[in-house]
Amino acid sequence: METPPLNSLYQQLILEHYRNPRNRGELPDGTVEVHMRNPVCGDEIRLQLRLHDDHIAEARFVGHGCSISQASVSMMTTLLKGRSLDEAESLASRFTQMMHGDAEASRDPSMGDLRALAGVSKFPVRIKCALLGFDALQEALKRSAKGAEP
Amino acid sequence: MHRLDVGRVRAEFPTLAETVNGRPLVYLDSAATSQKPQPVLDALDAYWVHDNANVHRGIHELSRRATEAYEGARLELARWIGASDAAEVVFTTGTTGAINLVAHAWGLDNVREGDEILLTVLEHHSNIVPWQLLARRTGARLRYIEIDDQGRLILDGLDHLLTERTRLVALGQVSNALGTVNPVKEVAARARAAGALVLVDGAQGAVHSRVDVHELGADFYALSGHKMCGPTGIGALWARRELLDSMSPWQGGGEMIHTVERDMSSWAPVPHKFEAGTPNIAGAVGLGAAVEYLSALGMDAIVEHERDVLRYALEGLAAVTGVRVYGPESLDERSAVVSFTMGDAHPHDISTILDSQGVAIRAGHHCAQLVMKHFGISATARASFYLYNTRADVDRLVEGLEAVRTIFG
């Protein structure tokens, strides 16, 4: 299979998030924390959320890895603040759709900067990188939902 | 010594003619697995098409041929690593299989609580994790030879690390992550003087040097076929005959027994005692063909050629802005593996960009996370060279890295 041109992958916005990640750092009063690691490549993300009722009041992360994994989680955190758990869940599934090549998802304004990652879908071996932060998010949401059960 | 005719060599590796992303493939990932020459592919094909039968049991013609091919490969391999007795060569699934065999069959009977196993920080996970599992079961303790800032073993403190409790020293001949060639002879001599046995992980060593297990001073030597032009799923353990004789079987089954009673059985002589079940016959045949192929070319000529490409690569990479090469500075302490990072471009990104130009390298921790930790990094990009690589391949690598620089600036 021919690899598509690299400029569809390495958009400026991705490199910008990679070099200046948003919401990077510890969240001292976080309520849920998930550590995700891709054992194949060693990329790591520790995602921390502070939940208020059923909303995400704050999202931060620390981690290291390739430009795709780190830019993706940085972009993701900018969209989580103020969202309900359900909205966060649908953001995650919308992003997964985009990784599977859904062109409509890649035009969805609610996806914000994440749309710059649409090109990753054409590089199958890199999709896992882009999903690492969302894997952490989904695990965090799962744990929060469990914790909320009476 | 004759020179290697690289043009002729390349023509024998069909995979090298592949076009990847519109460019002729440049394969710089042989440390992960080598490509296979036509004579090996032909030997595999001939075995499946003409000789396929089970070994050591049939009376019929095909079984005789299969057995002859299988045992012939063992003999070929034994000669190649300088073993005087082919019965000292046990076929395994690879280096990992060989090391696990030793950890079980030797380790469980000979390692006790408080005993020590000495490893090095350079080891591949396959020469760490089996010993961790053994240590957990026996209460033994793992100790490590540290490395310096060039990724070379620090042997100053070796006499302190070797104690009366040291049962085994297990070390790689060549580091797959950095290319460091370890002074195995020296470590082995000091280990044996201290009363410890020595296991040498030859997964990379057997690829890049002429091996003589006795000269190395090894008690156990493990290798993989697929890194040296053979198929995957086949490798070997060499061990001194008296050690193999004294060891209990690891796995039970057909092929490894002498007689079977209701409560107990007796074992077949070595090496069959350690080859339970129908072995990877085709794999062994392919490995035998690989050894024959490499022998005909001459290991000295191969090593000399690799050195030339390695020297050229180190010079080429040094000229690329932002590249930092890890491992020994001296060519004499290095094998044909170059691990590097480049500015803030992550190794995976480097690999994707090179791949888009048909250049295949490895990016990651190379199953050597202790090495990565030592240098405070999580991954490197790694270009590894073999007998079929050329200076032109290095030029394509350097050209690709310029594209990395354009994107990551």
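Everything below is about the structure shown above.
Bear in mind the structure is a predicted one, so any value in this text is a computation, not a measurement.

Peer 1: Tell me about the interface of chain A and chain B, residues and numbers included.
Peer 2: Between chain A and chain B, the contact holds 22 residues from the first and 17 residues from the second. For the pairing of chain A and chain B, the buried interface totals around 1,500 Å² over both sides, and the portion due to carbon and sulfur atoms is 50%. Broken down residue by residue, the surface that chain A buries against chain B is led by A:Leu6, A:Tyr10 and A:Arg19, which jointly contribute 31%. Summed over the shared surface of chain A and chain B, the result is 2 salt bridges. Between B:Asp349 and A:Arg126 there is a salt bridge whose closest N-O contact spans 2.8 Å.

Peer 1: Help me get a handle on the side chain of B:His272, residues and values and all.
Peer 2: Residue and element names in this part refer to chain B. In this structure, His272 sits in the loop between β12 (265-267) and α11 (281-297). With a relative accessible area of 19%, His272 lands in the buried category. Beyond its immediate chain neighbours, meaning those up to four positions away, His272 contacts His56, Glu71, Arg74, Glu255 and Met256.

Peer 1: Residues and numbers for the sheet that holds strand β13 (residues 323-326) of chain B, please.
Peer 2: Residues and elements named next belong to chain B. The strand order across the open sheet built from 4 strands is β13-β14-β17-β16, with neighbouring strands paired in antiparallel fashion. Each edge of the open sheet carries a strand with a single partner, namely β13 and β16 (362-364). On average, each strand axis in the sheet is inclined to that of its neighbour by 30°, with strand direction left out of account. Where β16 meets strand β17 (residues 380-384), 3 bridges bridge the pair, whose relative direction is antiparallel. Each bridged residue has a counterpart across the sheet, and for Ala363 the counterpart in β17 is Ala381. Helix α12 (residues 299-318) contacts β13 and β14 (337-342) of the sheet and is inclined by roughly 10° relative to β14. In this fold helix α15 (residues 391-408) packs onto β13, β14 and β17, with an angle of close to 15° to the strand it touches most, β14.

Peer 1: A description of the pattern of salt bridges should follow, citing residues and the corresponding values.
Peer 2: Residues and elements named next belong to chain B. Tallying each qualifying case throughout the model produces 40 salt bridges over all chains. Of the charged contacts in the structure, one is a salt bridge between Glu71 and Arg74, with a shortest N-O distance of 2.7 Å. With a gap of 3 residues between them, Glu71 and Arg74 both fall in helix α3 (residues 61-80), about one helical turn apart. Of the residues examined, Glu71 reaches a relative accessible area of 24% and is grouped as partly exposed. Ionic pairing is found between Arg152 and Asp148, a salt bridge with its closest N-O pair at 3.0 Å. Relative accessible area serves as the criterion here: at 19%, Asp148 is assigned to the buried category. Taken together, the shared-partner salt bridges in this structure form one network comprising Asp51, Glu61, Arg64, Arg65 and Glu68.

Peer 1: So what's going on with the sheet that holds strand β1 (residues 32-37) of chain A? Which residues, and what values?
Peer 2: The pairing of strands in a sheet happens through backbone hydrogen bonds and is either parallel or antiparallel. Residue and element names in this part refer to chain A. Spatially, the 3 strands line up as an open sheet ordered β1-β2-β3, and their pairing is antiparallel. In the strand order of this sheet, the two ends are held by β1 and β3 (55-64), each with one partner. In this sheet, adjacent strand axes meet at a mean angle of 15° when their direction is disregarded. Across 9 bridges, strand β2 (residues 44-52) lies against β3 in antiparallel orientation. The residue bridging His52 from the neighbouring strand is His55, located in β3. Across the sheet, helix α2 (residues 67-80) is in contact with β2 and β3; its angle to β3 comes to roughly 165°.

Peer 1: How would you summarise the packing of helix α2 (residues 38-51) of chain B against α3(B) if you had to cite specific residues and measurements?
Peer 2: Residues and elements named next belong to chain B. Put simply, α2 and α3 touch, their axes get as near as 10 Å, and they point 160° apart. Classed by the angle they form, the pair α2 and α3 counts as roughly antiparallel. Along this stretch, α2 crosses α3, giving a crossing that reads as left-handed. Listed contacts from α3 to Tyr47, His50 and Asp51 of α2 are Leu62, Arg65 and Ala66. When its residues are assigned to classes, the contact of α2 with α3 shows 3 nonpolar, 1 polar and 2 charged.

Peer 1: With reference to specific residues and values, describe helix α1 (residues 12-19) of chain A.
Peer 2: Listing the buried residues of α1(A) in full gives A:Ile14, A:Leu15, A:His17 and A:Tyr18. Buried residues of α1(A), viewed axially, fall in a sector of 160°; they line one side. Of the surrounding elements, those touching the buried residues of α1(A) are α2 of chain A together with α15 of chain B.

Peer 1: Summarise the packing of aromatic side chains; cite the residues concerned and give the values.
Peer 2: Evaluation of the coordinates by the stated rule reveals 10 aromatic pairs over all chains. Ring centres 4.3 Å apart and planes at 15° place the aromatic pair A:Phe95 and A:Phe134 in the stacked group. Here A:Phe95, found in helix α3 (residues 85-99), pairs with A:Phe134, found in helix α4 (residues 127-148); they are 39 residues apart in sequence, far enough to count as distant. A:Phe134 sits in the buried class, given a relative accessible area of 1%. Arranged with centres 6.0 Å apart and planes meeting at 70°, the rings of B:Phe13 and B:Tyr293 form a pair that is edge-to-face. Of this pair, B:Phe13 sits in the loop between α1 (6-11) and β1 (19-20) while B:Tyr293 sits in helix α11, and the two are 280 residues apart along the sequence. With respect to class, B:Phe13 is no different from B:Tyr293; both count as buried.

Cut-offs used in this document
Numbering of residues starts from 1 in each chain and follows the order in which that chain's sequence is written. Lettering of chains starts at A and numbering of ligands starts at 1, both following the order in which they are written. In keeping with the model being predicted, local features are shown solely for residues with a pLDDT of at least 70 and side-chain atom pairs are shown and tallied solely at 80 or more, while totals for entire chains, interfaces and linings include all residues. The side-chain numbers reported here are obtained from all heavy atoms of the structure, hydrogens and water having been left aside. In what follows, a contact means two residues having at least one pair of non-hydrogen atoms within 4.5 Å. Here's the idea: put two parts together, see how much 1.4 Å probe accessible area each one loses, and the total over both is what we call buried area. Should a side-chain nitrogen of Lys or Arg be within 4 Å of a carboxyl oxygen of Asp or Glu, the pair is scored as a salt bridge. Numbering of helices and strands runs from the N terminus, with a helix taken as a DSSP run of H or I at least four residues long and a strand as a DSSP run of E at least two residues long. Using a 1.4 Å probe on the protein chains alone, a residue whose accessible area is under 20% of its type maximum counts as buried, one over 50% counts as exposed, and one in between counts as partly exposed. For two strands to pair, DSSP has to find at least two bridges joining them. Every axis in this analysis is a line fitted to C-alpha atoms, fitted for helices over the stretch in contact. Angles between the N-to-C directions lie between 0 and 180 degrees. Put simply, angles under 35 degrees are roughly parallel, angles over 145 are roughly antiparallel, angles from 65 to 115 are roughly perpendicular, and the rest are oblique. Two helices crossing with the near one rotated counterclockwise from the far one by less than a right angle form a left-handed crossing, whereas a clockwise rotation gives a right-handed crossing. In this count, Pro and Cys sit with the nonpolar residues alongside Ala, Val, Leu, Ile, Met, Phe, Trp and Tyr, while Asp, Glu, Lys and Arg are called charged and the others, Gly among them, polar. This arc is built from the directions going out from the helix axis to the C-beta atoms. Any two rings among Phe, Tyr and Trp, with Trp reduced to its six-membered ring, count as a pair given centres within 6.5 Å; such a pair is stacked if its planes are under 30 degrees apart, edge-to-face if over 60, and tilted if neither.

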